[in-house]
Amino acid sequence: MSFIPQYRRSIPQVLEFTDLAWYLHALVPALLTAGLTEYEARETRY
């Protein structure tokens, strides 16, 4: 499974970077209850 945020939350000090920590903090707990065993996060230029 993968996802690309439609409305990207950026880091205020560095607007070019997505705030991956925010997404992981919001999504991982819910995905753990759905059976998540591992994940990989990667920043790519779009």
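Residues numbered from 1 in each chain as written. Predicted model: local features only at pLDDT ≥ 70, side-chain atom pairs only at ≥ 80, totals over all residues. Heavy atoms only, no water.

(A) Structural detail: the side chain of Asp19. Mapped onto the fold, Asp19 is located in the loop between strand 2 (14–18) and helix 1 (20–33). A relative accessible area of 18% means that Asp19 is categorised as buried. Leaving out residues up to four positions away in the same chain, Asp19 has contacts with Arg9, Ser10 and Ile11. (Helix = DSSP H or I, 4+ residues; strand = E, 2+ residues; numbered from the N terminus. Buried < 20%, exposed > 50% of the residue type's maximum accessible area, 1.4 Å probe, protein only. Contact = heavy atoms within 4.5 Å.)

(B) The packing of aromatic side chains, seen in detail. Here the structure, examined in full by the defined rule, presents one aromatic pair. An angle of 90° between the planes, with centres 5.0 Å apart, marks the rings of Trp22 and Tyr23 as edge-to-face. Exposure remark for Trp22: the relative accessible area of 37% places this residue in the partly exposed category. The class for Tyr23 is buried, based on a relative accessible area of 10%. (Phe/Tyr/Trp six-rings, centres within 6.5 Å; stacked < 30°, edge-to-face > 60°.)

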